[in-house]
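Analysis of the macromolecular model
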Amino acid sequence: MSGAAVIGVVGAGAWGTALAQVLASDGSPVLLWAREPELVSEINATRRNRLFLPGAELVPGIAVTGTLAGLASCAALLVVVPAQFLARVLADLPAGPRDLVLCAKGIEAGSGRLMAEVAAAAVPGAELAVLSGPTFAHEVAAGLPTAVTLACGGGEAQWQRLAPLISRKTLRPYYSDDVIGAEIGGAVKNVLAIACGVVEGLGLGQNARAALIARGYAEMLRFGLARGARAETLAGLCGLGDLVLTCSSASSRNFTLGQALGQGQSAAEALAGKASVAEGASTAPVLAELAARDGIAMPIATAVHRLLAGELSAAEAAAELLARPLRAEQGGSP
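Predicted model, so just to flag it, every value in this text is computed and none were measured. (Residues numbered from 1 in each chain as written. Predicted model: local features only at pLDDT ≥ 70, side-chain atom pairs only at ≥ 80, totals over all residues. Heavy atoms only, no water.)

Attention shifts here to the environment of Thr65. Relative to the elements of secondary structure, Thr65 occurs in strand S3 (residues 62-65). Distance from Thr65 to Asn44, taken between C-alpha atoms, is 8.8 Å for residues 21 residues apart in sequence. Ignoring any residue separated from it by four or fewer positions in sequence, one finds Thr65 in contact with Leu31, Leu32, Trp33, Ala34 and Val40. (Helix = DSSP H or I, 4+ residues; strand = E, 2+ residues; numbered from the N terminus. Contact = heavy atoms within 4.5 Å.)

So, on to the sheet that holds strand S8 (residues 171-176). Spatial ordering of the open sheet is given by S3-S2-S1-S4-S5-S6-S7-S8, a layout of 8 strands whose pairing is mixed. On the outer flanks of this sheet lie S3 and S8, each paired with one strand and no other. The sheet shows a mean angle of 25 degrees between the axes of neighbouring strands, taken without regard to direction. Here strand S6 (residues 127-132) runs beside strand S7 (residues 146-152); their pairing, made up of 4 bridges, is antiparallel. By the bridge assignment for S7, Val130 is matched with Ala151. (Pairing = 2+ DSSP bridges. Axes fitted to C-alpha atoms, helices over the stretch in contact; angles between N-to-C directions.)

Here we come to helix H13 (residues 279-294). Its 16 residues place the ends of H13 22 Å apart at the C-alpha level, agreeing with the 22 Å of an ideal helix rising 1.5 Å per residue. Within H13, burial applies to Glu279, Gly280, Ala281, Thr283, Ala284, Val286, Leu287, Ala288, Leu290 and Ala291. Lining the buried residues of H13 we find helix H7 (179-202), helix H8 (206-226), helix H11 (253-262), helix H12 (267-271) and helix H14 (299-308). (Expected span 1.5 Å × (residues − 1). Buried < 20%, exposed > 50% of the residue type's maximum accessible area, 1.4 Å probe, protein only.)

For the rest of this paragraph, the subject is empty space enclosed by the protein. This structure, assessed with the given rule, holds 1 cavity of 30 Å³ or more. Roughly 40 Å³ of volume is contained in the largest cavity. Surrounding the largest cavity, Ala104, Lys105, Gly106, Met115, Val130, Ser132, Ala182, Glu183, Gly186 and Ala187 form its lining. Looking at the lining of the largest cavity, the elements with two or more residues in it are S6 and H7. Here the lining of the largest cavity gets 4 residues from one element, more than from any other, and that element is H7. For the lining of the largest cavity, the class distribution of residues is 5 nonpolar, 3 polar and 2 charged. (1 Å grid on protein atoms, 1.4 Å probe; cavity = no way out; pocket = protein on both sides within 12 Å on 5 of 7 lines; lining within 4 Å. Points joined across faces, edges and corners; volume = space filled by probe spheres on them. Nonpolar A, V, L, I, M, F, W, Y, C, P; charged D, E, K, R; others polar.)

Looking now at the pattern of salt bridges. Pairing between side chains of opposite charge can happen when their charged atoms approach one another. Counted under the stated rule, the structure contains 15 salt bridges. Between Lys105 and Asp242 there is a salt bridge, with its nearest N and O atoms 2.7 Å apart. Taken together, the residues span a long stretch of sequence, with Lys105 in the loop between strand S5 (99-102) and helix H4 (115-122) and Asp242 in helix H10 (residues 237-246) at a distance of 137 residues. Under the relative-accessibility criterion, Asp242 is labelled buried at 1%. The salt bridge involving Asp242 is made with Lys189; its shortest N-O contact spans 3.8 Å. Remark: Lys189 occurs in helix H7 and Asp242 occurs in helix H10; sequence separation between them is 53 residues. With a relative accessible area of 6%, Lys189 lands in the buried category. A network of salt bridges, in which partner residues are shared, links Asp99, Glu127 and Arg161. (Salt bridge = Lys/Arg side-chain N within 4 Å of Asp/Glu carboxyl O.)

This is the structure we're talking about:
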């Protein structure tokens, strides 16, 4: 892969593999890092990732490595490891590209840090961007049209470097410099998607789910504004757009987790044996804690946390939300 600006993708789960696929779709060389040696061997030998992205035949431009040191020569790195593992993977990254594009959606358990905060501490010399938006991995890998937010902490100069590397015929990034907004939209929507799955599992209907999406968006907005996000960011692809997609389809891991909870499974049962991570399960408790600490009313997120912790059944969580005090939709107490 010499002689070209190689893009590195750190993490060969469904989303990382899909990003590698679309980035290599025009012949660009892409270096994909996988933690599992057997996955490295399988993809290089068969052009398949049966564990995380079955059905996709990977294009020849993708090379797979199990060694992080090999990423040092990449022009930029898209970091697609699960949120709770980000710090340890970044700590092992070699010195190399200054542009790190964070693609995980979550809040670090224990610390309450957003992914950019985690990355800034782990790789202090890097210039950070966040890629987020309404994306299902299998659709991106299949070459279906997708639009995302690319929030650049380095502003327009970083955008000018990254946009040509990331933009493809079927993948269109839109510029933002609101890294906090992009991160909060991606993290909060996963928790709300669990709630919408619960509604589906309980058989409460489309009206209830639409109401939950709307009231969930109000929670996202309250939390985001309190943390310094901009309202227009949360109204865009990485906020409302991602929320609507994730809360409306069984292709969402978080939605299907909630659906299983609504059908009577415990959190442990619903999460057992899953290869892919439902990020909302890890984000919910820390989100509820941060909201309580800062006095931000987030009843849906709090109910999801209590449901996952076994403090409420799905039916009790739904009843508790429906029993909240009557009030005006806009203004007043939440």
